[in-house]
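# Structure assessment
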Amino acid sequence: MKLLLQLSIRNLLRHKRRNGMLLLAIAVAVAGVNASNTLLRGYQLDLLDTAVSNLTGHVKVHAPGYRDDPTIMNSFVIEDSFTPDVPSDVLLGWAPRVRIPGVIMSERETRGVQLVGIEPGAEGISFLRDAVIDGEFLTAADDNRVVLGKELLRQLESDIGRRLVIITQGADGLNRERGYRIAGSYDVQGTGLEKLFVFVGLEHLQALLETDAVTEVSVRLTTENYREPAKLSMAASLSDLEVMDWQELEPQAAEMFLFADGVIYVWFLLMMGALTFGLVNSLAAAVMERVKELGMMRALGMQKRTVVVQVVVESCVMMALGVLAGTLLGALIYAAISDGIDLTAWSDGIELFGVASLLVPVMLPSDLLTVAFSSMLLGIAASLYPAWRVVQVQPLDALRS
Amino acid sequence: MSQPVVVCKGVTKTYQKEAVPVHALRGVDFVVHPGEFVSLSGPSGSGKSTLLNIIGGLDRPDSGSVVVDEVDYGGLSESALAELRLHKLGFVFQAYNLIPVLSALENVEFIMQLQGVPAAERQGRAEDVLTKLGLGEMIHRRPGEMSGGQQQRVAVARAIASDPVLLLADEPSANLDSRTTEELLELLKRLNQDNGMTIITATHDPMVMSYATRQVKLRDGAIEHDDAALPA
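Residues numbered from 1 in each chain as written. Chains lettered and ligands numbered in written order. Predicted model: local features only at pLDDT ≥ 70, side-chain atom pairs only at ≥ 80, totals over all residues.

### Overview of the overall build of chain A
Rule in force here: To qualify as a helix, a DSSP run of H or I must reach at least 4 residues; to qualify as a strand, a run of E must reach at least 2; elements of each kind are numbered from the N terminus. Residue burial is a threshold on neighbouring C-beta atoms within 10 Å of the residue's own C-beta, all placed from the backbone, with 20 or more meaning buried, 12 or fewer meaning exposed, and counts in between meaning partly exposed. Note on contacts: residues are paired as contacts if their backbone-placed C-beta atoms lie within 7 Å.
Helix and strand counts for chain A stand at 13 helices and twelve strands. Judged by the C-alpha coordinates and their principal axes, chain A covers about 100 × 45 × 30 Å. By residue count, 41% of the 401 residues in chain A fall in the buried class. Considering only intrachain contacts with a sequence separation of at least 6, the fraction spanning at least 24 residues in chain A is 83%.

Shown next as C-alpha cells:
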C-alpha cells in the first residue's frame, strides 16, 4: 500500500496545473455543500424550535377527543404528584394548561382567540421564554389579569392597563363572561401567534370554568433524539389519554423538517455528482495517458487488481485533499456567517416557510463527516470506470502503444 | 544434465491482421538450458518477438505447450501468469519502460516491493545492483534526468535485482548508440558468465547476436537455424 500511495501522490504531482484545478473544484464543491448544510441545519433547527415552542413541546398529552373538539369538556385531571414519565436528565420542563376557544372584546373590536390558562413559572419551555414583554407578565397561576399579543392588542385598539371582556364556555356547557385588566403584551417573531393566544393564570381560568381539569400537558425535552422513547413511555403510563409528539401535532412543520433533510442530500448529490463527472473524466485521461506505464507494471508482474487499487488510491488521495481543503474553507465560511444572516427584508415571504428573520447557521460534526465520507465513496466510484478501462488493455498491447 | 529452463513444444500463434491470418509461429520446438545466452534473430515478422512474449507469459500460444522452470503455462490464469512473471522472470524492454515518477533506486526496488521483500533488504539489494552497474552516483535520479544508456542499465538492474530464473530482453539495444550498446552487452555477458544467468534476447542487432552464446534464427514463424541443433 505504501508503494501505491507513493505512486499515487507522485502521479498527482505530475500534472500540477490540471490536478490543482480539480482539487480546487472539489474543495469549492465541498465547501459549498458544507456551508449550505449549515444554513439548512439552521433553518431546520429553527423550524424544530418554533414547532416545539409553539405551545406544543416535544410530547403533549390531551384527553381523547380534545383534538376534534378543543373545549373544557375534553379535559383531564392531573394528580399533584404528577411528573412526566421521562428520565430527569432529558426532561427540560413540562407545563399544564387549559387551552380553549374564546371571544375577546374591547370597547371597539371583537376577536376569536385561544384562551390559555398557564402556570407562568412553567412556561420557560414555550415561545414565551423569548418573547419581548411590554408591561408585565403574569406573576402566578391565580393571576386574574391577561397577557395578549402585541398585534391583537393593536387590532383590539386597546392598551396595557385597560379592561377587556372574555367570553368562553364552562365545564357545564354554559357560557362564562368576565372582565380582565391587560397586564401586558408579548412580541414574538411573526404576527400569527400574537393574534392567536391570550394568556391568563391557570388556576384563575379553572375557577372561572368551575373545573380542576387541564386540557393539555406539554413536555419539552433536552434533545429531539429522545422524543420517540419519551412519547412511548408516557403513552404507557397515561394509557387513557392521547400522547402525541410534535411531528403528529404539527405535520406541516414535520414535513418541512424532513424536506430540509432531503434537500441536504439532494444538494450534495447535485454538487458532488456534477463534480464526479469531472473527476471521472480527469482520472480517465490521467490513466489512459499512462496506459503504457501501467501495462509495463502488469508485464513485470503487478496484478490487475493492484492496478485497480492504484487508480482508486489516486482518486482517494485527490478526494481526501479536496475534502480537507473544502472542509476548512466551509468552516471559514461558517465562521464568517455564524452570527446569522438577516432576512428581515424578506420576512413576509419567508414566514410562510417558518423561517425566522435571522437565519443562524448550525454546523454539525455529523454533517461534516457525512459529506467527507460520501465524497470519499464518490471518489472511489469515480475511479472504478477509469480503472476498469485501463485494465482491459492487455500488457502486451499497452507496451506496444 | 540440469532441467531446461524453457521448453516449448509445437508452439503456434496466428494473428488476424485486417481479417487476414498471419502465422507468427508455426509449431516451434525450442529448449533453453540454464546458463545459456540465446539470441533470437530474424527479419521483421519472423516470430522472434512473439516467441519471446509467449515465453514471458505476456502472450498465449494457440496450440502447443510452454514450460518455464518446470511450470507449464497451459491452463494458468492471467493472475497466475502475472505471479509467475513477478517471481521467475526478468524483463528488459526496448524502450526501457521505467516508471518516470520513481527514482532509479525506487524503480529497481519496484519488483521487490511487489514481491513483498522487506524495505531494508530490498533497498540494500537495489543499491548493490545499481552500484555494480556503475550507477551508484545516480540512485536518486529520476529516469528523465538520465541518458538512454543509463536508463537501460537501470532497467537491467530492475530485471536482475530480484534474481530471476530467466532474463528476457526484447531489442535491448534498439534505442542505444553503439558504445552504450557495447556497455550493455558487456553487462549482460558478465551476468551470464559470472552469475550463470539464463538470458534470451530477441534482436536485429548483429552486435547483440555476437555476444550470445547460442544463435537461433527464425523465418516465417519457424526456426531456420539453431546452434544447439548443430553437431557438437
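### Brief notes about unusual backbone geometry
Residues and elements named next belong to chain B. The backbone of E18 sits at a positive phi, close to 50°, despite the residue not being glycine. By secondary structure assignment, the location of E18 is in the loop between β1 (6–17) and β2 (20–32). The backbone of D69 shows a phi angle near 50°, a positive value even though the residue is not glycine. Relative to the helices and strands, D69 is located in the loop between β4 (63–68) and β5 (71–72). With 18 C-beta atoms packed within 10 Å, D69 lands in the partly exposed category.

### Section: the sheet that holds β4 of chain B
Residue and element names in this part refer to chain B. Selection criterion: Strands are labelled as partners when DSSP assigns at least two bridges between them.
The antiparallel open sheet is built from four strands, whose spatial order is β2-β1-β4-β5. Two strands lie at the open edges of the sheet, namely β2 and β5, each paired on one side alone. By the bridge criterion, five bridges tie β1 to β4 in an arrangement that is antiparallel. Of the residues in β4, the one forming a bridge with T12 is S63.

### Brief notes about the domain arrangement of chain A
The following threshold applies: An automatic or database domain assignment supplies the residue ranges for each domain.
Domain boundaries assigned for chain A yield domain 1 (2–50 + 254–400) and domain 2 (56–249). Taken over C-alpha atoms, the centre of domain 1 of chain A sits 49 Å from the centre of domain 2 of chain A.

### Comments concerning the packing of helix α1 (residues 2–14) of chain A against helix α10 (residues 304–337) of chain A
Helix packing geometry: the angle between the two helix axes and the distance between the axes. All names here are of chain A. Quick reminder of the rule: Axis geometry follows a simple rule: fit a line to the C-alpha atoms, using only the stretch in contact for helices, then measure angles between N-to-C directions, giving values from 0 to 180 degrees. Angles below 35 degrees are treated as roughly parallel, those above 145 as roughly antiparallel, those between 65 and 115 as roughly perpendicular, and all remaining angles as oblique. Handedness of a crossing is defined here by the sense of rotation of the near helix relative to the far one, left-handed for an anticlockwise turn of less than a right angle and right-handed for a clockwise turn. Charged residues are taken to be Asp, Glu, Lys and Arg, nonpolar residues to be Ala, Val, Leu, Ile, Met, Phe, Trp, Tyr, Cys and Pro, and polar residues to be all remaining types, Gly included.
Where α1 meets α10, the closest approach of the two axes is 9 Å, and the angle between their N-to-C directions is 60°. Judged by the inter-axis angle, α1 sits oblique to α10. Handedness of the crossing formed by α1 with α10: right-handed. Across the interface between the two elements, L4, L5, L7, S8, I9, N11 and L12 from α1 touch V309, Q310, V313, E314, V317 and M318 from α10. Residues belonging to the contact of α1 with α10 are distributed by class as follows: nine nonpolar, three polar and one charged.

### Considering the nonpolar core
As a rule of thumb, soluble globular proteins bury nonpolar side chains together. Operational definition: For our purposes the nonpolar core covers buried Ala, Val, Leu, Ile, Met, Phe, Trp, Tyr and Cys residues that link as a set through C-beta atoms within 7 Å.
The biggest cluster of nonpolar side chains holds 106 residues, and the ones touching the most others in it are I55 and A157 of chain B. Ignoring anything within four residues of it in the chain, the contact list for I55 of chain B reads V6, C8, V66, V68, L168 and I200 of chain B.

### What to know about the sheet that holds strand β3 (residues 37–41) of chain B
All names here are of chain B. Read across the sheet, six strands follow the order β6-β7-β8-β3-β9-β10 without closing on themselves; strand pairing throughout is mixed. Looking along the sheet, the strands with just one partner apiece sit at the ends: β6 (89–92) and β10 (222–226). Across the sheet, the mean angle from the axis of one strand to that of its neighbour is 20°, orientation sign disregarded. Lying over the sheet, helix α1 (residues 48–55) contacts β3, β7 (166–170), β8 (198–203) and β9 (214–219), oriented at roughly 145° with respect to β8. Where helix α5 (residues 148–161) meets the sheet, its contacts fall on β6 and β7, and the angle it forms with β6 comes to roughly 175°.

### Remarks on the pairing of β9 of chain B
Residues and elements named next belong to chain B. Of the pairings in the sheet, the one linking β3 to β9 comprises four bridges and is parallel in character. Across the sheet, the residue bridging to L40 is V216, located in β9. The sheet contact formed by β9 and β10 spans four bridges and is antiparallel. Along β10, the bridge assignment pairs K217 with H225. Connecting β9 to the next strand, β10, in antiparallel fashion are two residues, including D220 with a positive phi near 55°.

### Focus: the interface of chain B and chain A
At the interface, 17 residues of chain B touch 17 residues of chain A. When residues of the side of chain B that touches chain A are traced back to their parent elements, those giving at least two are α2 (78–88) and α3 (104–115) of chain B. A breakdown of the residues in the side of chain B that touches chain A according to their chemical character gives nine nonpolar, four polar and four charged.

### So, the environment of V66 of chain B
Residues and elements named next belong to chain B. For V66, the position within the fold is in strand β4. The spatial distance from the C-alpha of V66 to the C-alpha of V7 is 5.8 Å, given a sequence separation of 59 residues. In this structure, V66 is in contact with C8, V11, I54, I55, P61 and Y73, ignoring residues within four places of it in sequence.

### Focus on the environment of C316 of chain A
Residues and elements named next belong to chain A. One can find C316 in helix α10. Along the backbone, C316 and T370 are 54 residues apart, and their C-alpha atoms lie at a distance of 16 Å. Once residues within four sequence positions are removed from consideration, C316 is found in contact with M376, G379 and I380.

### Side note on the environment of V68 of chain B
All names here are of chain B. Within the fold, V68 resides in strand β4. The exposure class of V68 is buried, given the 22 C-beta atoms found within 10 Å. Taking the C-alpha atoms as reference points, V68 and T180, 112 residues apart in sequence, are found 31 Å from one another. Other than its neighbours up to four places away in sequence, V68 contacts V5, V6, I55, K88 and L166.

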